[in-house]
Protein chains: 8
Amino acid sequence: MDLRKIIDDIASGNISPEEAEKLIQNSRYEDLGYAKIDHDRKMRSGNAEVVFCQGKPDEYLTGIFTSILDTSGEVLGTRATERQYELVKKTIPDIVYNPVSRILKYEKQKEKIGNVVVCTGGTSDIPVAEEAAETAEFMGSYVERIYDVGVAGIHRLLSKKELFDKANVIVAIAGMEGALASVVCGLVRVPVIAVPTSVGYGASFGGLAALLGMLNSCSNGVSVVNIDNGYGAGYIANRINRMAERGM
Amino acid sequence: MDLRKIIDDIASGNISPEEAEKLIQNSRYEDLGYAKIDHDRKMRSGNAEVVFCQGKPDEYLTGIFTSILDTSGEVLGTRATERQYELVKKTIPDIVYNPVSRILKYEKQKEKIGNVVVCTGGTSDIPVAEEAAETAEFMGSYVERIYDVGVAGIHRLLSKKELFDKANVIVAIAGMEGALASVVCGLVRVPVIAVPTSVGYGASFGGLAALLGMLNSCSNGVSVVNIDNGYGAGYIANRINRMAERGM
Amino acid sequence: MDLRKIIDDIASGNISPEEAEKLIQNSRYEDLGYAKIDHDRKMRSGNAEVVFCQGKPDEYLTGIFTSILDTSGEVLGTRATERQYELVKKTIPDIVYNPVSRILKYEKQKEKIGNVVVCTGGTSDIPVAEEAAETAEFMGSYVERIYDVGVAGIHRLLSKKELFDKANVIVAIAGMEGALASVVCGLVRVPVIAVPTSVGYGASFGGLAALLGMLNSCSNGVSVVNIDNGYGAGYIANRINRMAERGM
Amino acid sequence: MDLRKIIDDIASGNISPEEAEKLIQNSRYEDLGYAKIDHDRKMRSGNAEVVFCQGKPDEYLTGIFTSILDTSGEVLGTRATERQYELVKKTIPDIVYNPVSRILKYEKQKEKIGNVVVCTGGTSDIPVAEEAAETAEFMGSYVERIYDVGVAGIHRLLSKKELFDKANVIVAIAGMEGALASVVCGLVRVPVIAVPTSVGYGASFGGLAALLGMLNSCSNGVSVVNIDNGYGAGYIANRINRMAERGM
Amino acid sequence: MDLRKIIDDIASGNISPEEAEKLIQNSRYEDLGYAKIDHDRKMRSGNAEVVFCQGKPDEYLTGIFTSILDTSGEVLGTRATERQYELVKKTIPDIVYNPVSRILKYEKQKEKIGNVVVCTGGTSDIPVAEEAAETAEFMGSYVERIYDVGVAGIHRLLSKKELFDKANVIVAIAGMEGALASVVCGLVRVPVIAVPTSVGYGASFGGLAALLGMLNSCSNGVSVVNIDNGYGAGYIANRINRMAERGM
Amino acid sequence: MDLRKIIDDIASGNISPEEAEKLIQNSRYEDLGYAKIDHDRKMRSGNAEVVFCQGKPDEYLTGIFTSILDTSGEVLGTRATERQYELVKKTIPDIVYNPVSRILKYEKQKEKIGNVVVCTGGTSDIPVAEEAAETAEFMGSYVERIYDVGVAGIHRLLSKKELFDKANVIVAIAGMEGALASVVCGLVRVPVIAVPTSVGYGASFGGLAALLGMLNSCSNGVSVVNIDNGYGAGYIANRINRMAERGM
Amino acid sequence: MDLRKIIDDIASGNISPEEAEKLIQNSRYEDLGYAKIDHDRKMRSGNAEVVFCQGKPDEYLTGIFTSILDTSGEVLGTRATERQYELVKKTIPDIVYNPVSRILKYEKQKEKIGNVVVCTGGTSDIPVAEEAAETAEFMGSYVERIYDVGVAGIHRLLSKKELFDKANVIVAIAGMEGALASVVCGLVRVPVIAVPTSVGYGASFGGLAALLGMLNSCSNGVSVVNIDNGYGAGYIANRINRMAERGM
Amino acid sequence: MDLRKIIDDIASGNISPEEAEKLIQNSRYEDLGYAKIDHDRKMRSGNAEVVFCQGKPDEYLTGIFTSILDTSGEVLGTRATERQYELVKKTIPDIVYNPVSRILKYEKQKEKIGNVVVCTGGTSDIPVAEEAAETAEFMGSYVERIYDVGVAGIHRLLSKKELFDKANVIVAIAGMEGALASVVCGLVRVPVIAVPTSVGYGASFGGLAALLGMLNSCSNGVSVVNIDNGYGAGYIANRINRMAERGM
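Residues numbered from 1 in each chain as written. Chains lettered and ligands numbered in written order. Predicted model: local features only at pLDDT ≥ 70, side-chain atom pairs only at ≥ 80, totals over all residues. Heavy atoms only, no water.

1. A word on the overall build of chain A
In terms of regular secondary structure, chain A is built from 11 helices and 11 strands. Burial status across chain A gives 65% buried among its 248 residues. Across chain A, every contact between residues at least 6 apart in sequence was considered, and the portion connecting residues at least 24 apart equals 66%. Total accessible area computed for chain A in this model is approximately 8,400 Å², and 50% of it derives from carbon and sulfur atoms. (Helix = DSSP H or I, 4+ residues; strand = E, 2+ residues; numbered from the N terminus. Buried < 20%, exposed > 50% of the residue type's maximum accessible area, 1.4 Å probe, protein only. Contact = heavy atoms within 4.5 Å. Areas by Shrake-Rupley, 256 points an atom, 1.4 Å probe, with all protein chains shown as cover.)

2. Thoughts on the sheet that holds strand β3 (residues 51-52) of chain A
Residue and element names in this part refer to chain A. An order of β3-β4-β6-β5 is seen for the 4 strands of this open sheet, with the pairing classed as mixed. At either margin of the open sheet sits one strand with a lone partner, and together these are β3 and β5 (96-98). Here helix α6 (residues 126-138) sits on the sheet and contacts β4 (75-78), β5 and β6 (103-106); the angle it forms with β6, its principal contact strand, is near 15 degrees. (Pairing = 2+ DSSP bridges. Axes fitted to C-alpha atoms, helices over the stretch in contact; angles between N-to-C directions.)

3. Describing the relation of the copies chain E and chain C
Each copy superposes on the other: chain E lies on chain C with an RMSD of 0.1 Å after a rotation of 90 degrees and an axial shift of 0.1 Å. What the rotation and shift describe, once combined, is the action of a four-fold rotation axis. Considering only C-alpha atoms, the part of chain E nearest the rotation axis is E:Phe205, at 7.3 Å. (Least-squares fit on C-alpha atoms with pLDDT ≥ 70 in both.)

4. Focus: the sheet that holds strand β5 (residues 96-98) of chain D
Residues and elements named next belong to chain D. An order of β3-β4-β6-β5 is seen for the 4 strands of this open sheet, with the pairing classed as mixed. Looking at strand neighbours, the two that pair on one side only are β3 (51-52) and β5, the edges of this open sheet. Of the strand pairs in this sheet, β3 and strand β4 (residues 75-78) are connected by 2 bridges, and their pairing is parallel. Pairing of Phe 52 across the sheet is with Thr 78, part of β4. Against the sheet, helix α4 (residues 58-72) engages β3, β4 and β6 (103-106), with an angle of about 145 degrees to β4. Each of β4, β5 and β6 touches helix α6 (residues 126-138); the most contacted strand, β6, lies at about 15 degrees to it.

5. Some details on the pairing of strand β10 (residues 192-196) of chain B
All names here are of chain B. Burial of β10 is extensive: 5 of the 5 residues sit out of reach of the surface. Residues of β10 alternate between two faces, with Val 192, Ala 194 and Pro 196 on one and Ile 193 and Val 195 on the opposite face, all of them buried. As for the winding sense of the linkage, the β-α-β connection from strand β9 (residues 169-174) through helix α9 (residues 180-187) to β10 is right-handed. Judged from the 3 bridges that link them, β10 and strand β11 (residues 222-224) form a sheet pairing that is parallel. When the bridges of β11 are listed, Ile 193 appears paired with Ser 223. (Right-handed = clockwise from strand over helix to strand, strands pointing away.)

6. Here we look at the packing of α6(A) against helix α11 (residues 230-246) of chain A
Helix packing for two helices is described by the angle between their axes and how far apart those axes are. Residue and element names in this part refer to chain A. Where α6 meets α11, the axes come as close as 7 Å, and the angle between the chain directions of the two elements is 35 degrees. Viewed along their axes, α6 and α11 form a crossing whose handedness is right-handed. Residue-level inspection shows Val 128, Glu 131, Ala 132, Thr 135 and Ala 136 of α6 in contact with α11, the latter providing Gly 230, Tyr 231, Gly 234, Tyr 235 and Asn 238. Class assignment of the residues belonging to the contact of α6 with α11 gives a composition of 5 nonpolar, 4 polar and 1 charged. (Left-handed = near helix turned anticlockwise from the far one by under 90°. Nonpolar A, V, L, I, M, F, W, Y, C, P; charged D, E, K, R; others polar.)

7. Describing the environment of B:Thr66
Residue and element names in this part refer to chain B. With respect to the helices and strands, Thr 66 occurs in helix α4 (residues 58-72). Taking relative accessible area as the criterion, Thr 66 reaches 25% and is therefore assigned partly exposed. Residue contacts for Thr 66: discarding those within four places in its chain leaves Thr 91 and Ile 92.

8. Examining the side chain of E:Asp148
Along the chain, E:Asp148 turns up in the loop between β8 (141-146) and α7 (154-158). Of the side chains with opposite charge, E:Arg156 lies nearest to the buried E:Asp148, which makes no salt bridge, at 4.1 Å. Discounting chain neighbours no more than four positions away, the residues touching E:Asp148 are E:Thr120, E:Gly121, E:Gly122, E:Thr123, E:Arg156, F:Tyr34, F:Ala35 and F:Lys36. (Lys, Arg positive; Asp, Glu negative; His and termini not counted. Salt bridge = Lys/Arg side-chain N within 4 Å of Asp/Glu carboxyl O.)

9. Observations regarding the pairing of strand β9 (residues 169-174) of chain G
Residue and element names in this part refer to chain G. Taking burial as the measure, the 6 residues of β9 include 6 buried ones, the bulk of the element. By the alternation rule, side chains of β9 split into Val 169, Val 171 and Ile 173 and Ile 170, Ala 172 and Ala 174, which are all buried. Pairing between strand β7 (residues 113-120) and β9: 5 bridges, direction parallel. Paired with Val 118 across the bridge in β9 is Val 171. As judged from the 5 bridges shared by β9 and strand β10 (residues 192-196), these two strands associate in the parallel manner.

10. Brief notes about the interface of chain E and chain C
Interface size is often expressed as the accessible area that is lost when the parts come together. Each side of the interface is counted separately: chain E has 24 residues, and chain C has 17 residues. Here chain E meets chain C over a buried area of about 1,700 Å², counting both sides, of which 53% is carbon and sulfur. When the area that chain E buries against chain C is broken down by residue, the three leading residues are E:Tyr29, E:Lys36 and E:Asn226, summing to 28%. For the pair chain E and chain C, the interface holds 0 salt bridges. Between chain E and chain C we count 4 residue pairs in polar contact (both at pLDDT 80 or more) in total. Looking at side-chain class alone, the side of chain E that touches chain C contains 8 nonpolar, 5 polar and 11 charged residues. (Buried area = accessible area lost by both parts, 1.4 Å probe. Polar contact = N/O pair within 3.5 Å; in protein donor to acceptor, adjacent residues only side chain to side chain.)

11. Observations regarding the domain arrangement of chain A
All names here are of chain A. Each assigned domain of chain A is listed with its residue range as follows: domain 1 (32-106) and domain 2 (113-245). Connecting domain 1 to domain 2 are 2 salt bridges. Arg 79 is the salt-bridge partner of Glu 131, the closest N and O atoms lying 3.5 Å from each other. Joining domain 1 to domain 2, the criterion identifies 3 residue pairs in polar contact (both at pLDDT 80 or more). Secondary-structure elements contributing two or more residues to the side of domain 1 that touches domain 2 are β4 and β6. Looking at side-chain class alone, the side of domain 1 that touches domain 2 contains 6 nonpolar, 5 polar and 3 charged residues. (Domains from an automatic or database assignment.)

12. Examining the packing of helix α4 (residues 58-72) of chain C against helix α5 (residues 82-89) of chain C
Residue and element names in this part refer to chain C. Where α4 contacts α5, the two axes come as close as 10 Å, and the packing angle between them is 55 degrees. Judged by the inter-axis angle, α4 sits oblique to α5. Relative to α5, the crossing made by α4 is right-handed. Contact residues: α4 offers Asp 58, Leu 61, Thr 62 and Phe 65, while α5 offers Arg 83, Gln 84, Leu 87 and Val 88. Each residue belonging to the contact of α4 with α5 can be placed in one class, and the counts come to 4 nonpolar, 2 polar and 2 charged. (Parallel < 35°, antiparallel > 145°, perpendicular 65-115°, else oblique.)

13. A few points about the state of the cysteines
Residue and element names in this part refer to chain G. Under the defined criterion, the tally for this structure stands at 0 disulfides over all chains. Its sulfur unpaired, Cys 218 is 9.2 Å from the next cysteine sulfur, which belongs to Cys 185. Residue class for Cys 218 comes out partly exposed when judged on its relative accessible area of 25%. (Disulfide = S-S within 2.5 Å.)

Here's what the structure looks like:
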């Protein structure tokens, strides 16, 4: 909040009390009425606000994208539909959409650093994996994808050991029993972010089985995000990856 | 029920209708009032009734053990306490008790055939594993124990591959996320009976996490029994093992 | 993994280290990028990989079917839709589809051995039952179907006792309270694989009631697979049936 | 509430308005401060209020027993402990306690009419069964007990068919998967009151499995009460039994 | 099963053993292959088998209706769709359909006896109530409907007290918190069959809140059937009503 | 119930007993057959009955709206669809519909008093918030809206502290983890009504996560209504607001 | 936070920037190391911090009581044990303990204003009710207790209508199905705070049934707090009661 | 596994095939029979195996501690009891025990680097926090503790902003609704590891409410471990902290 600096300015008369008050309260988000865009977030967290498109009313969507793009020079939306893409494209023609990851973004050219491994148990987990991978890439991380290495045929996973060893952080994505996270984590020394997916049926209860499995992992080093939350995992992985590369 | 044979006997006058009726209804269990010992079970299933000791009132316990021992020449009780052992020993002095498996039994000398592998994820799963192993042994199976080979250090499991390859059937016992069953089953061609255990804490919810994990196994060939049900798994493993050995 | 044999070949100079390494790592699955077809599975488990069609993207589906068919000479897909059938048929014209079991397969002529009984509580359980039955048949088992013998009219079940007595293994499929498994298992001496189905409403909670009922069966010998998992039950039943016939 | 009769009395001047008001409001329960004994219940429901002893503070217990005994000439308490028995006995020396059913009662001599069958799946269900049976007997029903006839050995149940056929109503009590209710109900034409018990372990989840099984019974005619609620079942069974005997 | 009579016939030579065997096994259900129509049910339970139409494949539906109609002279189907009605009407032109109760039936003229009250908490519970009411009527009971008397305005319920007092049995149907059953049951002396409905939203969890509420009713005399199971409640109510009228 | 006054009238002969009885029973609701409009509610609770439109059959809808409008001069419906609006408009042309709040109403001009704050965590919670706000306004409260102030950027919330300080009562609406209620409640001294919403995915389980979070709030003063129940919260907030303004 | 005033002081030179900063950050809680006593809470919320004694380590307990007592002149602890009472008494000899409500307090003489009704369904709910009542009294409210008026005998509740009508707010406390809240709320025009209790057994699941019932109440005006949370309900009731009395 | 190097050695004749095989399989864990100590773990993960003491049989405990201590020169046990401490002390006299964190350890002197913040919502969360903190310290991290900064008095948390800003990673520990993680994470740019605790009652369901809250956090950057899993959080925090310090 850098309270001290503003206090100094007031004391030195650089700014009037009225200005000071407005400054503290107004400079930190843009009030669109229906939404309060958190422009301060980039300063706090190192990344601009991201748009969770699912269920966002059409009336608000383009305004939110535009507000962030204007401030940050780029913008990332998750869980967008084809229809939402068409809508936003009218205002931001260069916006890009990937129907697999359902990511809608306008991205500045940037170097990708470090090494994030994103792996999945099966091919049906790929949409969640792509959401994670593209998020981390958008935020500046290099990403290695290792898909369909579920534990039912463990030689597939073991044959990729070398790739896992190069990672700063691993995102392990699986549905059904979610055992991938435990096995991968047992093989490496870096943090593993586990993403349970809703892939499965019957007693998978929409991803609950994988979620519980990952939370109860017998391997040290696994932490878990919400079911199908590829975005969240990609976000955390990028944070850790960059810290590892830059020594914070 | 061999209805036809009794019908023939009636028709031929070998037995009277009254005798026939009684024969059908009375010969199949012993009515102790508080319990109906199912002596027909050995004929139907190949194994005598087993005593589930947990919560059995003292008044009934010895009577049930004695009734089965008299008919079958041996008797197996599960989930017995030290106190129950002391009680039954007064009447059946040669009864044997194992405080780890909590099995209370009087067993005839018998040859152990075939090969049942009982493996666990950790050392805390051993009581359930011993219940499974001793049950299968009591019923005539040879049992190989492979303990503490959880997936957090998968090289321990892989180093025992040869032992797994010799099994007719495998009992895989694990708590926490229960991933052991999936990994083991992916390595072999025989049926895997999975036993979730209540080992764990927090979101393991008394074994629910392991149970759901095993039910959703991505490996073909896993079927599951109740949480901590070592007895049930040993019983089924013995059935399959004997069929494999004897060609049914 | 037959590590020893390859080691011997290296030591004797039969193969170069480079060849050896590739051999170990490459001969075991085919990497299609989006999928890693586990060709080693047939060697490990006795059966080729099976395609779980549900939710598989169109782009990948035909490739996966073709890869398996080329290697194994036959291929089995489960939970296929009519639309997926039309798609794969373009490339594999002789592929066959059953809208009840939703199985999509190309099958080699083969002898069916042994005896697997597949029974259901009601007529609504038949789709799951057919998935189980066709799976076991595809893998070489003879299957006897006994449908609509739920416990509400137990004479129907008892009248089929003779058929049950011929089985090497029984698949018991039921929704609602799932009591069929307990009653059937109490009548026979072979393993019973129980399949809870999502048939029911209200407090059946999508099959949860049947699942819990079967897991808590008071009959020895019942093991359980996931809700509606006919394929898994058919797979296990075939394994046990063949072991019983061939003495492993 | 017989509002009309009191209105007539007011109109005819038989009672004053003040009296009328008090009459309506005061004659229907006794206010002990900590409890309001519902003396009107016997008129409304045909049975006096019953004391649920579990967790009742010592200070209140004897007062409640005495209040009911004084009004009704008899009193029934459920879920009483040995210690509570000792306590109440000081004031009501002839009170009787059964440690199996945990029923504490003082009962008038009375004829038992009709026929209520109370059956259980196992011997561990007997405490709940005795609570049901003694409740129905206290309220004037004749009770037939059929214990340990679980579906794992269905011949035991079938051999008692004749006894079941004599019942006006059946109370079916079982833990584990609770299949007893469905099978019994399929054999008879009278209502079946199902009582799930907490007997079981693991995925029985304290009786939830049996509860769900009974609610989803495929047999017409099963209705269910709370887990271990022997009292409730005995109460309903008595109601139905008496209606059947007396034509209401 | 009337085993004795057939045994006598065999003994007396009235029938040959072969005939006897067939008689016992064949006379009790009709095997349509996909279904085993339980014609014995009417003898056992007093009512013919009822068709649960939901999810029944078109191929089987008409066959099942016809088989029952031919044997019983009438037929009742529940949870039928408009489309199923059109289908069955082709073969049974006089079949009648009610889109509110979703009951599809052909009914013989019959006297309605006794008194069953069917009441609901709200207007949205009416479809379930009509299923209950029409079922009881089909089976010969007179039914009184009291709708929209939920406890939020308890004077509506109290004003109908006289109607409740005439009932032999009450079916209380409510969603949300399901308190109707407790309040009604506290007012009467006859059994109350409670039906939780899926009416509600959010934490009603599809009727779970009402189900738990009814199972935990503080009023004696409430027993519960599955969520939305109007049919089951009507069936039981008819049984009890007829017993009350006829003295069994 | 004002029983005394009617009693006095009877005693004084002002009204006949027959009239008295009818008076007591009839004057309090209007029986439309399918519904019993609770006209007494306004007297009891201060507000006329409100129509929960969701799932209400077309046949009943207009009748219910008309009955309330005729008696109260205004009418409020919640969870109405566009289609229901079109239907009711045919009979009540001046009825007004808001597609965001889904409220359908005819409202008398009235002064809005006091101060109710309705705040949300995100923009997706706005439909629930509008239902709450419009309900409170309809009932006569002044409402201040503060949207999109979720705890992920807590400065947005803190910057509105002054607005919160003016409230008599606060409605805090949030999905996901529902932390908004705790944080807001910790800042103020007035009651906070928390509304969990179904906004979220995966382990939000349709609002369960937010519901549990709000029920377990570490801040004193939070009470909770059902998931997405904006109406209920608005109703309570209005009650409290008016009490605060008027001193009851 | 009164940011403006402090800013003015800085600008006018009344306080130095260093002082300002400390002032903002330090004046608001006392840091005991293991705890941060929130002395600002009384200013924010109108009530001092309350001590939740359950599980509080002995080492911290007395320190926390003393810190609050010194600042506020009185102190309230909830869920205290007899043992904790003995401990704190050593330092604060005049502290008072009630073993029913488990409240441990030192209270200043104060006038009790307004009218809070606390009612319960049964006698077993009294401990929770006393926690609510004593909390509201401690905070200055007059409390009327109406115990044991559960809906199974609804005349008891109706006979107290007059007392309910005098309340500014009602706390309705019940276990089992929790129907009390709905019925009471339907009778009055003031807010009802519902407290589910863990009284019950079996499918009450520790109060879950009552909790869901109350959340799904069909009566407008019910809001809910956590299971057994008498303190929270008393706290809110006091807030509302005082607002009603004082017009905020 | 460094397969290539061993292959080269074999090819060059440096080691015999027999030696090679043994080398691969034997060098990686110590088989104690009841346990397989994973000595390879330090190489793989950077940390030696840690002993989860809870429920470990006395017979095994000392052996496991000794085996690890001998190999690693230090050893860490979690969830140890006082009694287990006494037991192990007999063999390892210098072992140290902390009854708050329940950690039992023998630790080498080592430098603590970086900055891990461990914060809690309340004082009852301290035992879990100490488990996390001591684990991270044992593994070489510097730890800053910030306890009792729950969101009910958010100024306490905000006043510590500076300390949070210095962290490389934050462990946020809270029970009840678990909102601490969301609020903290919204203020910083480093990863937050959230630990739900079982602190709470009623609808906290043993920590489930906090777990779900944290999984559904609206703040980017939160990942979650099992309920009460302080150890797991400390382990991951140390991994991330060291990566940040050393640039991996």
